[in-house]
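Coordinates in review
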Amino acid sequence: MRDRPHKAPQHKRAHQKSTRLDDEELALICAAAAACGMTPAGFLAHAALAAARDLNATAAVVAGERELVAELFAARRHLAHIGTNLNQVAKVLNSGGPAPHTDAVLTAVVNAVARLDAVTDRLLDHRDAA
């Protein structure tokens, strides 16, 4: 139900944009809009305009998130390379041969997993703060 009068024709918004959301995103937006006494569309417009008016803060958030995602992908690639080394060690050990670099590879696996965990935690903290 609308609690305010219709806008005069000269003050109506002429442009309409469409946004795709998943169920969780839609629920968050609807809850936030209801808490503000706004419609979901009005809330989206208000939030988008607030972000557009403060481009320095918006750019910092986007850049920070991109940096985290880039680090996440780099950590994943690093873990994949180490996984290849671990498979090579396992092949040598299974054939009865010596694998003098086993400890170094296992240490690298532990470090890569810790790196992946750290960047995942940072990404989740960043999204929770946004």
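Just so it is clear, the model here is predicted, and its values are computed rather than measured.

Topic: the pattern of salt bridges
- The final tally for this structure, using the stated rule, is 2 salt bridges.
- Between Glu67 and Arg122 there is a salt bridge, and its shortest N-O distance comes to 3.8 Å. Placement of the pair is Glu67 in helix 3 (residues 55-94) and Arg122 in helix 4 (residues 102-129), with a sequence separation of 55 residues.
- The salt bridge partner of Glu71 is Arg115, with a shortest N-O separation of 2.8 Å. Placement of Glu71 in helix 3 and of Arg115 in helix 4 is noted, with a sequence separation of 44 residues between them.

Section: a negative patch on the surface
- Among the surface-exposed residues, Asp22, Asp23, Glu24 and Glu25 lie close enough to one another that they form a single negatively charged patch.
- Position of Asp22 relative to the elements: it lies in the segment before helix 1 (23-36).

Describing the side chain of Thr102
- With respect to the element layout, Thr102 can be found in helix 4.
- Using a relative accessible area of 18% as the deciding quantity, one classes Thr102 as buried.
- Residues within four places of Thr102 in sequence aside, it is in contact with Val89 and Leu93.

Calculation rules
- Residues numbered from 1 in each chain as written.
- Predicted model: local features only at pLDDT ≥ 70, side-chain atom pairs only at ≥ 80, totals over all residues.
- Heavy atoms only, no water.
- Salt bridge = Lys/Arg side-chain N within 4 Å of Asp/Glu carboxyl O.
- Helix = DSSP H or I, 4+ residues; strand = E, 2+ residues; numbered from the N terminus.
- Patch = residues over 30% accessible without salt bridge, like charges linked within 9 Å, V, L, I, M, F, W, Y side chains within 5 Å.
- Areas by Shrake-Rupley, 256 points an atom, 1.4 Å probe, with all protein chains shown as cover.
- Lys, Arg positive; Asp, Glu negative; His and termini not counted.
- Charge placed at Lys NZ, Arg CZ, Asp CG, Glu CD.
- Buried < 20%, exposed > 50% of the residue type's maximum accessible area, 1.4 Å probe, protein only.
- Contact = heavy atoms within 4.5 Å.

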